[in-house]
Amino acid sequence: MMTIGTLSLCALTAAFTGPAVPSFTGVVWNADPSQSNVTLSVSQFLVAKIHGTIPIASATIVTTDGAVIPLSVGAMLDAARLDTHDRARDADLRSDRFFDVQRFRTITFASDTITATGRDTFAIDGELSMRGVTRSLRLDGTFAGAHVDALGRRHARYEATGRFRRSDYGMASMRGIVGNDVTLDITIDAVDRD
C-alpha cells in the first residue's frame, strides 16, 4: 500500500497556472484524509494478489523555496480500518496474527532524508513503525500535480511506492500461502495549512 515513509515536497510554483504564485518557502501541507490512502498488496498462493486499503489518519509534508520536492514527510495510518472488502479476512488481518490492531492501532512513517531523482521525483528514506517494531523503509515518490479548489485552498498531490517484508514486523502467519513481500502504494492529497 505504500512506502509509508515520511515524504518531503518540492515547491509548487511551476505547477500552478495563471498569475504569479507567491513563494512557498516554509509551506506546511496537511493530508486531506478523504482523498489520501495507502493500498497494500501481497501475493496469495504465488498467483493471486490480495489488495487492501488503510486510511491515512494524518500526514504532514513540508516544502520550501518554491520547490515541489518535499523537505520532510510524516504520516500516521489507522490500521484498525484496514479494508480488503472481505469481512472474515479483514478480521483475521486485524488480529494478533497480523496487524494486531487491539494493541497497535496506528502505523507511522517518518522521513529521515529526501533526495531528488528528477524534476518531479524523489527518494524518501525513513522509518516505518508498526506492531511495536521500527524498520528502515525507502519510498519512491512523485509530485503528481497541484490545483486550487473552489474555496481557494491550494492542493498538492503526491504519490509514492515502497515495499516491506511482513516478517520483519512479526507477521509470520501463513508463510507459504501468503507472500512475505508487501507492496505499498501511497496517495496523499495535501492542502496548504495556511
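Preceding block: the structure.
## Brief notes about the layout of surface pockets
- Of the pockets and cavities examined, the largest pocket occupies roughly 290 Å³.
- Lining of the largest pocket is provided by 21 residues; of these, Val42, Ile50, Leu93, Phe98 and Val178 occupy positions nearest its centre.
- Of all the secondary-structure elements, those providing two or more residues to the lining of the largest pocket are strand 3 (37–44), strand 4 (48–63) and helix 1 (87–94).
- By residue number, the principal contributor to the lining of the largest pocket is strand 3, which donates four residues.
- Taken together, the residues of the lining of the largest pocket break down into 13 nonpolar, five polar and three charged.

## As for the packing of aromatic side chains
- Applying the stated criterion to the full structure yields three aromatic pairs.
- Note on Phe164 and Tyr169: the rings are 5.5 Å apart at their centroids and 85 degrees apart in plane angle, and the pair reads as edge-to-face.
- Taking relative accessible area as the criterion, Phe164 reaches 6% and is therefore assigned buried.
- A relative accessible area of 2% means that Tyr169 is categorised as buried.
- Three or more aromatic residues joined by ring pairs form one cluster here, namely Phe122, Phe143 and Tyr158.

## Topic: unusual backbone geometry
- Here the phi dihedral of His85 falls at roughly 65 degrees; this positive angle occurs in a residue that is not glycine.
- Along the chain, His85 falls in the loop between strand 6 (72–78) and helix 1.
- Since its relative accessible area comes to 71%, His85 is described here as exposed.
- In this model, Arg131 sits at a positive phi of 55 degrees, which is unusual for a non-glycine residue.
- Owing to a relative accessible area of 14%, Arg131 belongs among the buried residues under this scheme.

Criteria and thresholds
- Residues numbered from 1 in each chain as written.
- Predicted model: local features only at pLDDT ≥ 70, side-chain atom pairs only at ≥ 80, totals over all residues.
- Heavy atoms only, no water.
- 1 Å grid on protein atoms, 1.4 Å probe; cavity = no way out; pocket = protein on both sides within 12 Å on 5 of 7 lines; lining within 4 Å.
- Points joined across faces, edges and corners; volume = space filled by probe spheres on them.
- Helix = DSSP H or I, 4+ residues; strand = E, 2+ residues; numbered from the N terminus.
- Nonpolar A, V, L, I, M, F, W, Y, C, P; charged D, E, K, R; others polar.
- Phe/Tyr/Trp six-rings, centres within 6.5 Å; stacked < 30°, edge-to-face > 60°.
- Buried < 20%, exposed > 50% of the residue type's maximum accessible area, 1.4 Å probe, protein only.

Spatial relationships are all this shows, so hold off on functional conclusions.
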